[in-house]
Amino acid sequence: MRSSTTAEIRQFVQERFPQFGLNKQKEIVRLLAEIDRRDHCGFDAILLERHYEQKDFLAIKSFLLKRRFPTLTATERASVTYLPCDFLKVQQPGPEAPGEGALFQPKNIYVEKSVSDCGLAERLSCAFPEARVSEIDRYKDFVSRQPEFDLREYNQRLDNVFIIREQFDFFQECPCSAGASSCGYHIMNAGFGCGYDCEYCFLQGYTNAPGILFPGNLDEFFSRFREYYRPGMRLGTGQFTDSLMFDHITRFSSELVGFFRQFPDVVFEFKTKSCNIEHLLRSPASPNIQVSWTLNPERIISSVEHKTASLQERLDAAVQCAKAGFRVGFHFDPIIIYDGWQKEYGELIKEVFNSISVEGIGWISLGGLRMTKTLRQVIEARFPHGLLLNAEQIMETDGKIRYPVRVRREIYRTMIEKIKASGYSGELYLCMEDPELNREVGIRSFGCGRAAPCAG
Ligand code: SF4
C-alpha cells in the first residue's frame, strides 16, 4: 500500500477532529504520517483499528505515541518534543537527493586569484578538461552574490569546485557536543564538502557552500601548524569532508603524510568511507599516521551511506594500509539499530578482527545515531523514505535527537563486550556522550579510555 500524502492526512484530521486547535491537529497529523510511512498501513486504519473515542486529545495522542514508539517507556515518549514543530517542513516535500552513482565530474572550477598558480588548480583543470575554469577574487564575495542557498544547490554541489586560500580556520578543536566528554580531537580544515550522500550526514544541514572547497595553500597550513602543535595531539581532515574520496585528484595524502611524519608525537588521521588509497600507498607509511574507516553492517552501508565503498572494499583497503605500515582505526558511528542489529554488528566486529590484527589498530570509537532538529528536517526532505526517520528517538538535553540513554547504554555495552571478546584492549571511546554514560559503560576518557579497567 502506498504511503499517504501529508495533505490527505491533514484533510482527514481536520474533518474528523474539527474541535481541536491547529497545534493539536498538527500533532495528530505528524504521528499518523510517521506511522503510515513506516507501516504502510493507511492512516485512517490506524485510528479505526482501535475505534478510538474522538474527543479526548491526550488519549488519542498517547495511543498514537505508543503506536509510533512501541519500544520506548512512557517517560521516554514524553520527550518526543520535536514532533509538532517540525511538521510544517514536512508538508512541503523537498528536493530529494540524487540517485546512486553520480560521479564527481565538476562543470565549474573557480579559483581564487591568490592561489591561481597552485598545483591543485592545474591538477583539477587537467583532470576535468571539460570544466569551465574561472578566476574569482574571493570565494566569500562570490558566494554572497549568489541566490539564497537551498537544498537544490546542495544536491548540485558536485558541479562546482572552489580552490580557495584559507586564511583563518586552519585548525580547530572539535566542538564535540554540550555536556559530552571531549576526546580532545583537532580538526584540520583541508577541504569542505563531500561527494558521498550518507543520509545522516550533518553537512546537509550545516553547509551553505554551493560546491566543494579545497585549499590551494596547504603549505600555509603546515607553516601555521606549529602554533597549534601540542605533544600527543590527535588531528585529522575527516570532519568536513571525507579524507580520501577526492585524493586521486587533490593528492593531499602524500603532502600530509610527508609533513606529519616529522611529528612522531602527534597522530594524524585520515577518516574515510572510501577505498581510494592508491595515492596514499605511494607514500612511505609512518606509525603516527592512521587511516580510519567508519563502519556499519552492509545493510546500512547499502541503504543509507549512498555512493560510499562497500564494507568489503573498506576492509580490504584497511588490510592494505595495515600491511603497508599505517595504523588503522575504526569508527562504529553512527550505530543504527533495527531488528537484529546485535547479530549484524556482532558479525561486523568479528569480520574486522578477522581481517586486522589488534596490534595495528590505533583507536576505535562508538557513537549512536544522532541529529539536530534542522538535520532531521533536511533528511525528511532529501530521504523521505529512508529508514533513519523510523528510528525511535527523543529530544535529549544537548538539543540532539537521539536514542534514549537507556537504549544507548545497551548499544555501547553490547558493542564493547563484543569488541573486548575479540581480544582488543586498545583505545576505545564514545563520541559525544556525557561523562555519566561513559562511566556506566566502563569508559573514562580518551587516553584513559580503554575498555579494560583503567588506573587513571
Ligand atoms: S562520508 Fe562523511 S562527510 Fe561524506 S556524506 Fe558521509 S557522513 Fe558526510
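Rules used throughout
Residues numbered from 1 in each chain as written. Predicted model: local features only at pLDDT ≥ 70, side-chain atom pairs only at ≥ 80, totals over all residues. Heavy atoms only, no water. Helix = DSSP H or I, 4+ residues; strand = E, 2+ residues; numbered from the N terminus. Rg over C-alpha atoms; globule rule 2.2 N^0.38 Å. Buried < 20%, exposed > 50% of the residue type's maximum accessible area, 1.4 Å probe, protein only. Areas by Shrake-Rupley, 256 points an atom, 1.4 Å probe, with all protein chains shown as cover. Lys, Arg positive; Asp, Glu negative; His and termini not counted. Charge placed at Lys NZ, Arg CZ, Asp CG, Glu CD. Domains from an automatic or database assignment. Contact = heavy atoms within 4.5 Å. Buried area = accessible area lost by both parts, 1.4 Å probe. Near = heavy atom within 4 Å. Nonpolar A, V, L, I, M, F, W, Y, C, P; charged D, E, K, R; others polar. 1 Å grid on protein atoms, 1.4 Å probe; cavity = no way out; pocket = protein on both sides within 12 Å on 5 of 7 lines; lining within 4 Å. Points joined across faces, edges and corners; volume = space filled by probe spheres on them. Phe/Tyr/Trp six-rings, centres within 6.5 Å; stacked < 30°, edge-to-face > 60°. Lys NZ or Arg CZ within 6 Å of the ring centre and 35° of its normal. Pairing = 2+ DSSP bridges. Axes fitted to C-alpha atoms, helices over the stretch in contact; angles between N-to-C directions. pLDDT = per-residue confidence, 0-100. Core = buried A, V, L, I, M, F, W, Y, C linked by side-chain atoms within 4.5 Å. Salt bridge = Lys/Arg side-chain N within 4 Å of Asp/Glu carboxyl O. Expected span 1.5 Å × (residues − 1).

Take the overall build of the protein chain next. Along the backbone of the protein chain there are 18 helices and 17 strands. Taken against the 2.2 N^0.38 rule, which gives 23 Å for 456 residues, the C-alpha radius of gyration of the protein chain at 24 Å falls within 12% of a compact globule. Its C-alpha atoms give the protein chain principal-axis dimensions of about 70 × 55 × 35 Å. Buried positions account for 56% of the 456 residues belonging to the protein chain. For the protein chain, the exposed surface amounts to about 20300 Å²; the carbon and sulfur share of it is 50%. When the 57 positive and 60 negative side-chain charges of the protein chain are each reduced to one mean point, those points stand 4 Å apart.

How big an interface is tends to be stated in terms of accessible area lost as the parts join. Domain boundaries assigned for the protein chain yield domain 1 (6-91) and domain 2 (108-440). Averaged C-alpha coordinates put domain 1 and domain 2 at centres separated by 37 Å. On the domain 2 side, the residues contacting the 19 residues of domain 1 number 15 residues. Interface area, domain 1 with domain 2, both sides summed: about 1500 Å², of which 48% is carbon and sulfur.

So, on to the site of the ligand. Taken together, Cys194, Tyr196, Cys198, Tyr200, Cys201, Leu203, Asp242 and Lys273 form the complete shell of residues around the ligand. Partitioned by chemical class, the residues of the shell around the ligand number six nonpolar, no polar and two charged.

Before going further, it helps to examine empty space enclosed by the protein. Counted under the stated rule, the structure contains three cavities of 30 Å³ or more. Looking at the largest cavity, its volume works out to about 110 Å³. Elements represented by at least two residues in the lining of the largest cavity include exactly helix 11 (247-250) and helix 12 (252-260). With three residues, the single largest contributor to the lining of the largest cavity is helix 12.

Now for the packing of aromatic side chains. We describe a pair of aromatic rings using the distance from one ring centre to the other and the angle between the two ring planes. This structure, assessed with the given rule, holds 33 aromatic pairs. Taken together, a centroid distance of 5.2 Å and an interplanar angle of 50° make the contact between Phe259 and Phe263 tilted. Judged on exposure class, the residue Phe259 and its partner Phe263 are both buried. Joined through ring pairs, the aromatic side chains of Phe170, Phe171, Phe221, Phe222, Phe225, Tyr228, Tyr229, Phe259, Phe260, Phe263, Phe268 and Phe270 make up one cluster. Positioned above the aromatic ring of Tyr154, the side-chain terminus of Arg157 is 4.1 Å from the ring centre. Above the ring of Tyr185, the side-chain terminus of Lys271 is found at 5.5 Å from the ring centroid.

Our focus in this paragraph is the sheet that holds strand 15 (residues 394-395). Across the sheet, three strands lie side by side as 14-16-15; this open sheet has antiparallel pairing. Of all strands in the sheet, those with a lone pairing partner are strand 14 (370-371) and strand 15, marking the two edges. Bridge count between strand 15 and strand 16 (residues 401-402): two bridges; the pairing is antiparallel. The residue bridging Met395 from the neighbouring strand is Ile401, located in strand 16.

Read across the open sheet, the four strands follow the order 2-1-3-7; overall the sheet is parallel. The open sheet terminates on both sides in strands that have one partner only, identified here as strand 2 (132-136) and strand 7 (212-215). On average, each strand axis in the sheet is inclined to that of its neighbour by 20°, with strand direction left out of account. In the sheet, strand 1 (residues 108-112) pairs with strand 3 (residues 160-164) via four bridges, with the strands oriented parallel. The residue of strand 3 that forms the bridge with Ile109 is Val161. Helix 7 (residues 119-127) contacts strand 1, strand 2, strand 3 and strand 7 of the sheet and is inclined by roughly 160° relative to strand 3.

Let's shift gears to the confidence of the model for the protein chain. Averaged over every residue, the pLDDT of the protein chain is 91; the share at 70 or more is 92%. In the predicted structure, residues 449-456 sits below a pLDDT of 50 and forms 18 contacts with residues beyond four places in sequence or in another chain.

By size, the foremost hydrophobic cluster in this structure holds 120 residues, and its most contacted members are Ile163, Met188, Phe260, Trp293, Phe330, Phe332 and Leu366. Sequence-distant contacts of Phe260, that is, excluding residues within four places in its chain, are made with Met188, Phe222, Phe225, Leu235, Val266, Phe268, Asn288 and Ile289. The next biggest cluster of nonpolar side chains, apart from the first, holds 23 residues, and it includes Ile28, Leu32, Phe43 and Phe57.

We now examine the pattern of salt bridges. Going through the model one piece at a time under the given rule, you end up with 27 salt bridges. Across the pair Lys307 and Asp197 runs a salt bridge, and its minimum N-O distance is 3.4 Å. Taken together, the residues Lys307 in the loop between strand 11 (305-306) and helix 14 (311-324) and Asp197 in strand 6 (residues 197-198) connect sequence positions 110 residues apart. You can call Lys307 buried: its relative accessible area is 18%. Each of Arg30, Glu34, Arg37, Arg68, Arg376 and Glu380 takes part in one network of salt bridges that share partners.

The end-to-end C-alpha separation of helix 15 (residues 341-355) is 21 Å, in line with the 21 Å expected for 15 residues at 1.5 Å each. Along helix 15, the positions that sit buried rather than exposed are Trp341, Glu344, Tyr345, Gly346, Leu348, Ile349, Val352 and Phe353. In this structure, the buried residues of helix 15 make contact with helix 13 (298-304), helix 14, strand 12 (327-335), strand 13 (361-368) and helix 17 (405-421).

Our next topic: the environment of Thr241. As for its placement among the helices and strands, Thr241 is situated in the loop between strand 8 (234-236) and helix 11. Residue class for Thr241 comes out buried when judged on its relative accessible area of 9%. For Thr241 and Phe192, which are 49 residues apart along the polypeptide, the C-alpha to C-alpha distance reads 5.3 Å. Those residues in contact with Thr241 that sit more than four places away from it in its chain are Gly191, Phe192, Gly193, Cys194 and Phe246.

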